[in-house]
Protein chains: 2
Amino acid sequence: MSRAATLLACDWGTTHLRAWTLGDDGTVLKDRGFPFGVGRLSAGEAPQRLAEVRTALGAQGLPAILCGMVGSNLGWVATPYADLPADAADLAAGLVEVGDPAGRVRIVPGLRTPGFNGAGDVMRGEETQLFGWLAAHPERRTGRQVVCHPGTHTKWMVVEEGRLTAFCTAMTGELFAVLTKYSVLKSEAPAGDVTAFEEGLNAAGAGDALAARLFTARGRLVAGGRAPESASSYLSGLLIGADVATTPALIGIGLAEPVALLGDLELCAHYGRALASRGRGYEIFDGEAAAIAGLHALHHGSLGR
Amino acid sequence: MSRAATLLACDWGTTHLRAWTLGDDGTVLKDRGFPFGVGRLSAGEAPQRLAEVRTALGAQGLPAILCGMVGSNLGWVATPYADLPADAADLAAGLVEVGDPAGRVRIVPGLRTPGFNGAGDVMRGEETQLFGWLAAHPERRTGRQVVCHPGTHTKWMVVEEGRLTAFCTAMTGELFAVLTKYSVLKSEAPAGDVTAFEEGLNAAGAGDALAARLFTARGRLVAGGRAPESASSYLSGLLIGADVATTPALIGIGLAEPVALLGDLELCAHYGRALASRGRGYEIFDGEAAAIAGLHALHHGSLGR
C-alpha cells in the first residue's frame, strides 16, 4: 500500500470545503474540513483558499481535483455543464484545468438536463459521488439503477447501463431549513423525535397539497395540543415523506424500484424510513467514500464507463 | 345617515392594525392603519396601543370590537376557539369582553376544526370577513358556498346553509415570503411579470411534487436562461397554481364549484387568474368591506343566523 500522497481531492460546496490527500491507490492519508464554502468567497479568493488547504494538509505541489459549487459562478470558475445522458467518460472529458502556480488544478463539470418539464435542472457535486459509486462495482453499471442523494437540494437520479439518463431536484432540505428558521413553523428543537417524524410521514399522505399539509405542523400544536419540541421532527417527516411520495414519478421512477440512497448517512437513514413506510426497498451508501472514489478515479482516468 | 361614530372596529393582525370608526348604520367615518401588529407587542402592551388608536381616531369612550390575532396568546388575551360547524350566532356567542377602563372592548373568537387529516386547523380574523360577507346577502346563507381567503395563510372554506362546515389552511403566502427572502430562490424583483406568472401556473402541473417543482424556479434561470427579474412572478404563479390545484380537494371541494375569492383585491386577482387557467369559475369580493360589515354586525347582534 502506498503511503505517499499523490493527489489532493476536494469536495468544495456552498457552505464547506472537505479535502483529502490520497495515495496512488486511493487510500485516504489526510482528511480535513474547512469553513470556507464558495458562498462565502469574494471574487478571485479561491486560489488563495486552496493554497491554505495545501499548507494544512502538506499537499504543496500535488495535483488537485475539485468538485462541487467551486465550478459555479460563485466559485473558482464557472465550468460548462455536461448535458444528459452522461457517462463517466463524458464527465472526465469535461474536466476543466484552471491556471494555478501552486500545482495542477482540475474542476469537475456540473451536469444539466431539460428536466421533467423542460424548465431545466442542474447538479454540481452529486455527479462525482454518483460516478464514484458506479465505479466501485461493475454490476452497478449494468441495467437500471435508481439513486437518491438527499440534502439541501435532494437529487433523484436514473442510471441506465452506466449512463445518467435523468435527474430531478427537490428542495426538501432547504424547505426544512427556511421553515424551521424563518416561518410560523420555526423551531429550535433538534429533530430526533421518532414518533413525531413518523406522524409527519403519515401526514405527507399522497404528497400532494404540500402548502396545506405543512400548516398541519402548526395546527397540531395550536389545535391539537402536541408538544412544540416535536415540531421539527414532524416537519422533517412530512417533507421527506412528500418528497419520496411524489418526486420519483416526475422522472419515471416506478413504485417497485429499489432506491440506492447515497450521501450523508443520517439523512439517508431518514429517507430510508420514509421509503420503508411506503413499502419501498432501499440500501444506504456512504456519500463521502463515493466522493473520494469518484475524484480519485476521475484523476486517474479509471472511472470505467 | 348618521354622522356620529358609535363603534370602534379593528382588524388587529400579526403585522398590522387597521381601525375604523363606524356610524350606527355601519358607515365608515374614519379609517386608519397602524404598524403595531400583535407580533410586535410586548406582554400587556395591547390596552395602551388601543388607547393610542382611540386618540388617533377620536374614539375615546366608544365601544370597541376587535378581530384577528389580537385574540391569540400574542395579543390581548387568548380567546377560546369556537368549534366547527359554526354559524354567525356561534361567533357572536363567543365574543370575549376584556376589562379596559377606556371603554367596552370585545374580541371575536377564532375558529377551530380537526381539519382534513385530524391534525387540527385554526383561523383568527378571516371568520369575521366570512360572516360579514355572508351577512351582506341572504342568498349567500342558503345552499353551499366555497370561499377562499388568499394570504400568508390562505384559507379555503365551505359554507352550508350559513354554517362554516370545513376549512383548510395553505401556507402559500408564507412559502412565497420565506423562499424569496431566504432561499436559493431569493429575489428582490417585485412580482408583476404576467408572462412569468403564467409560466409558473403551468409549472404547477397537478400541484403534486411541490419541493421538486419549486426547484424549477432555479433551474429555469441557471439552465434555462430566463431573466432573474422574472423569478418572483414565476414562483408566485407556481405556488398559487399548486394551491388552487390541490388544497380544495382536501376538504371535498369539487372541481366544478365556483369560488368566492374574499380578501386583498390584488391577491384575489392572482388567485382568479390561477382558477381561470384551470377553467374554474370565481368572483372577487373586497375583504376590507367584509371585515367592516362583520365587525359592525357582530357588535349589533345583526349577523343574521
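Residues numbered from 1 in each chain as written. Chains lettered and ligands numbered in written order. Predicted model: local features only at pLDDT ≥ 70, side-chain atom pairs only at ≥ 80, totals over all residues. Heavy atoms only, no water.

### Comments concerning the overall build of chain A
Across its full length, chain A carries nine helices and 14 strands. Against the globule reference of 19 Å for 305 residues, chain A gives a C-alpha radius of gyration of 20 Å, in line with a compact fold. Dimensions of chain A, computed from C-alpha atoms along their principal axes, come out at roughly 65 × 40 × 40 Å. Every one of the 305 residues in chain A was classed for burial, and the buried ones make up 56%. (Helix = DSSP H or I, 4+ residues; strand = E, 2+ residues; numbered from the N terminus. Rg over C-alpha atoms; globule rule 2.2 N^0.38 Å. Buried < 20%, exposed > 50% of the residue type's maximum accessible area, 1.4 Å probe, protein only.)

### Concerning the interface of chain B and chain A
Accessible area lost during the coming together of the parts is what is often quoted as the interface size. Facing 43 residues of chain B, the contacting portion of chain A comprises 43 residues. Summed over both sides, the interface of chain B with chain A buries roughly 3,400 Å², with 75% coming from carbon and sulfur. Looking only at chain B, the three residues that lose the most surface to chain A are Met-171, Ala-211 and Phe-215 of chain B, adding up to 17% of its buried area. The tally of links between chain B and chain A comes to zero salt bridges. Where chain B touches chain A, the interface holds five residue pairs in polar contact (both at pLDDT 80 or more). Per-element accounting of the side of chain B that touches chain A gives the leading share, 10 residues, to helix α6 (residues 210-222) of chain B. Here the side of chain B that touches chain A is composed, by residue class, of 24 nonpolar, 12 polar and seven charged. (Contact = heavy atoms within 4.5 Å. Buried area = accessible area lost by both parts, 1.4 Å probe. Salt bridge = Lys/Arg side-chain N within 4 Å of Asp/Glu carboxyl O. Polar contact = N/O pair within 3.5 Å; in protein donor to acceptor, adjacent residues only side chain to side chain. Nonpolar A, V, L, I, M, F, W, Y, C, P; charged D, E, K, R; others polar.)

### So, the sheet that holds strand β12 (residues 163-170) of chain B
All names here are of chain B. In spatial order, the strands read β12-β11-β10-β13-β14; together these five strands make up an open sheet with mixed pairing. With one partner strand each, in any of the chains shown, β12 and β14 (282-286) form the two edges of the open sheet. The sheet shows a mean angle of 25 degrees between the axes of neighbouring strands, taken without regard to direction. When strand β11 (residues 154-160) meets β12, the two strands line up antiparallel, connected through seven bridges. (Pairing = 2+ DSSP bridges. Axes fitted to C-alpha atoms, helices over the stretch in contact; angles between N-to-C directions.)

### Digging into the environment of Tyr-282 of chain A
Residue and element names in this part refer to chain A. Among the secondary structure elements, Tyr-282 is positioned in strand β14 (residues 282-286). Residues Tyr-282 and Val-147, 135 residues apart in the sequence, show an inter-C-alpha distance of 9.5 Å. Aside from chain neighbours lying at most four places away, what touches Tyr-282 is Val-259, Leu-261, Gly-272, Leu-275 and Ala-276.

### Focus on the pairing of strand β12 (residues 163-170) of chain A
Summarising burial for β12 of chain A: six of the eight residues are buried, a large majority. In this antiparallel pair of consecutive strands, strand β11 (residues 154-160) of chain A and β12 of chain A, the connection spans two residues, and Glu-161 of chain A shows a positive phi of 50 degrees.

### Re the pattern of salt bridges
In total, this model carries 24 salt bridges over all chains according to the counting rule given. Between Arg-49 of chain B and Glu-45 of chain B there is a salt bridge, and its shortest N-O distance comes to 2.8 Å. Residue Glu-257 of chain B is joined to Arg-144 of chain B by a salt bridge in which the shortest nitrogen-to-oxygen separation is 2.6 Å. On the criterion of sequence distance, the pair formed by Glu-257 of chain B in the loop between α7 (231-250) and β13 (259-263) and Arg-144 of chain B in strand β10 (residues 144-149) is long-range, its members being 113 residues apart. The partly exposed category is assigned to Arg-144 of chain B, whose relative accessible area is 36%. Several salt bridges share partner residues, and in doing so they unite Arg-18, Asp-31 and Glu-288 of chain A into one network.

### Description of the confidence of the model for chain A
Chain-level statistics for chain A give a pLDDT mean of 94 and a share of 99% at 70 or above. Note on the complex model: pTM 0.94, ipTM 0.92. (pLDDT = per-residue confidence, 0-100.)

### Some details on the packing of helix α3 (residues 126-136) of chain B against helix α9 (residues 287-300) of chain B
All names here are of chain B. In contact at an axis separation of 7 Å, α3 and α9 are set at 85 degrees when each is read in the N-to-C sense. Taken together, the axis directions place α3 and α9 in an arrangement best described as roughly perpendicular. Together, Thr-128, Gln-129, Gly-132 and Trp-133 of α3 and Gly-287, Ala-290, Ala-291, Ala-293, Gly-294, Leu-295 and Leu-298 of α9 make up the contact between the two elements. (Parallel < 35°, antiparallel > 145°, perpendicular 65-115°, else oblique.)

### Some remarks on the sheet that holds strand β8 (residues 111-113) of chain B
The strands that make up a sheet pair up through hydrogen bonds in the backbone, lying either parallel or antiparallel. Residue and element names in this part refer to chain B. Here we have three strands laid out as an open sheet, ordered β5-β8-β9, and mixed in their pairing. With partners counted over all chains shown, the strands left at the sheet margins are β5 (82-83) and β9 (121-123), one partner each. As paired strands, β8 and β9 are joined by three bridges and run antiparallel to one another. From the neighbouring strand, Arg-112 faces β9, where its bridge partner is Val-122.

### Notes on the nonpolar core
Among the nonpolar cores identified, the biggest contains 82 residues, and Leu-175 of chain A together with Leu-175 of chain B are the most heavily contacted of them. Excluding anything up to four places from it in sequence, Leu-175 of chain B contacts Leu-175, Leu-179, Ala-211 and Leu-214 of chain A together with Leu-210 and Leu-239 of chain B. (Core = buried A, V, L, I, M, F, W, Y, C linked by side-chain atoms within 4.5 Å.)

### Considering the relation of the copies chain B and chain A
Both copies of the chain are related by one operation, a rotation about an axis with a shift along it. For the match of chain B to chain A, the screw axis carries a shift of 0.0 Å, the RMSD comes to 0.0 Å, and the turn is 180 degrees. A rotation of that kind, with that shift, is consistent with a two-fold axis. No C-alpha of chain B lies nearer the rotation axis than that of Asp-208 of chain B, which sits 2.2 Å from it. When you check the interface residues of chain B against chain A, 100% turn up at the interface there too, and the contact is symmetric in its surfaces. (Least-squares fit on C-alpha atoms with pLDDT ≥ 70 in both.)

### Observations concerning the pairing of β10 of chain B
All names here are of chain B. Buried residues dominate β10, accounting for five of its six residues. Two elements, β10 and β11, share six bridges in a ladder whose sense is antiparallel. Bridge pairing in β11 links Cys-148 to Trp-156. Note that β10 and β13 share two bridges and pair parallel. Across the sheet, residue Cys-148 finds its bridge partner in β13, namely Leu-261.

### Re helix α5 (residues 194-203) of chain B
Residue and element names in this part refer to chain B. Restricting attention to buried positions, one finds in α5 the residues Ala-196, Phe-197, Gly-200, Leu-201 and Ala-203. For α5, the angular spread of the buried residues around the axis is 165 degrees, confining them to a single face. Exposed positions of α5 whose direction lies more than 90 degrees from the buried face are Thr-195 and Asn-202. Gly-205, located one to two residues past α5, shows a positive phi value of around 50 degrees. (Arc of directions from axis to C-beta.)

### A closer look at the packing of helix α5 (residues 194-203) of chain A against helix α8 (residues 265-277) of chain A
Residues and elements named next belong to chain A. The contact between α5 and α8 brings their axes to 11 Å, and the two run at 50 degrees. Taken together, α5 and α8 sit at an angle that is classed as oblique. Of the two possible hands of crossing, α5 and α8 adopt the one that is right-handed. In contact with Val-194, Phe-197, Glu-198 and Leu-201 of α5, α8 contributes His-270, Arg-273, Ala-274 and Ser-277. Taken together, the residues of the contact of α5 with α8 sort by class into four nonpolar, two polar and two charged. (Left-handed = near helix turned anticlockwise from the far one by under 90°.)

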